[in-house]
Amino acid sequence: MQRYLTVHENGGSPTARGRDKQMSVRKWTLLAGIGLLLVVSAAGIHLFAPRNVPPGQPSLVDLRSGNLHELRDEFNRFADRTRVIAMLSPT
């Protein structure tokens, strides 16, 4: 009786290729799950974290055209000190 040996293109058996593919799918599923968990955690922290400033520090304010006089008055009140205004924009 003669036996035939089948050689596959990647050199592995069909069972080994199936296991490799299954491990790859598991790995990507795990990575996607971890990524989703990180995004949800960051969003939760951003939305529900307390909005406090350290003791002695004035609270943060949103600059709008109606309250710029408050910034100017605070800035001018400390004319004898070094003052820095940093405006950051995400765009």
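Structure shown above.
This text gives an overview of the structure that appears in the document. (Residues numbered from 1 in each chain as written. Predicted model: local features only at pLDDT ≥ 70, side-chain atom pairs only at ≥ 80, totals over all residues. Heavy atoms only, no water.)

**Quick notes on the overall build of the protein**
In step 1: Within the protein one finds two helices and zero strands.
In step 2: Put simply, the protein shows about 9,200 Å² of open surface, and 61% of that area lies on carbon and sulfur atoms. (Helix = DSSP H or I, 4+ residues; strand = E, 2+ residues; numbered from the N terminus. Areas by Shrake-Rupley, 256 points an atom, 1.4 Å probe, with all protein chains shown as cover.)

**A closer look at the packing of aromatic side chains**
In step 1: Evaluated as defined, the whole model comprises zero aromatic pairs.
In step 2: Cation over ring: Arg-83 sits above Phe-75, and NZ or CZ is 4.0 Å from the ring centre. (Phe/Tyr/Trp six-rings, centres within 6.5 Å; stacked < 30°, edge-to-face > 60°. Lys NZ or Arg CZ within 6 Å of the ring centre and 35° of its normal.)

**Topic: the side chain of Asn-67**
In step 1: Tracing the sequence through the fold places Asn-67 in the loop between helix H1 (14–48) and helix H2 (68–77).
In step 2: In this structure the side chain of Asn-67 is engaged in a polar contact, spanning 2.8 Å, whose partner is the backbone nitrogen of Arg-64. (Polar contact = N/O pair within 3.5 Å; in protein donor to acceptor, adjacent residues only side chain to side chain.)

**So, a nonpolar patch on the surface**
In step 1: A contiguous nonpolar patch, built from Leu-63, Leu-68, Leu-71, Ile-85 and Met-87 and spanning about 480 Å² of accessible area, is present on the exposed surface.
In step 2: On the secondary structure map, Leu-71 appears in helix H2.
In step 3: Taking the relative accessible area as the measure of exposure, Leu-71 reaches 32% and is therefore partly exposed. (Patch = residues over 30% accessible without salt bridge, like charges linked within 9 Å, V, L, I, M, F, W, Y side chains within 5 Å. Salt bridge = Lys/Arg side-chain N within 4 Å of Asp/Glu carboxyl O. Buried < 20%, exposed > 50% of the residue type's maximum accessible area, 1.4 Å probe, protein only.)

**Some words on the pattern of salt bridges**
It is possible for side chains bearing opposite charge to pair when their charged atoms get close.
In step 1: According to the stated counting rule, one finds two salt bridges in the structure shown.
In step 2: Among the salt bridges present, the one from Asp-62 reaches Arg-64, with a minimum N-O distance of 3.8 Å. Taken individually, Asp-62 and Arg-64 each receive the classification exposed, so the pair is uniform in this respect.
In step 3: Between Glu-74 and Arg-77 there is a salt bridge; the shortest N-O distance is 2.7 Å. Here Glu-74 pairs with Arg-77, and both are found in helix H2, just three residues apart, close to one helical turn.
In step 4: The exposure class of Arg-77 is exposed, given its relative accessible area of 54%.

**Some points on the environment of Glu-74**
In step 1: Residue class for Glu-74 comes out partly exposed when judged on its relative accessible area of 40%.
In step 2: A polar atom in the side chain of Glu-74 sits 2.7 Å from the side chain of Arg-77.

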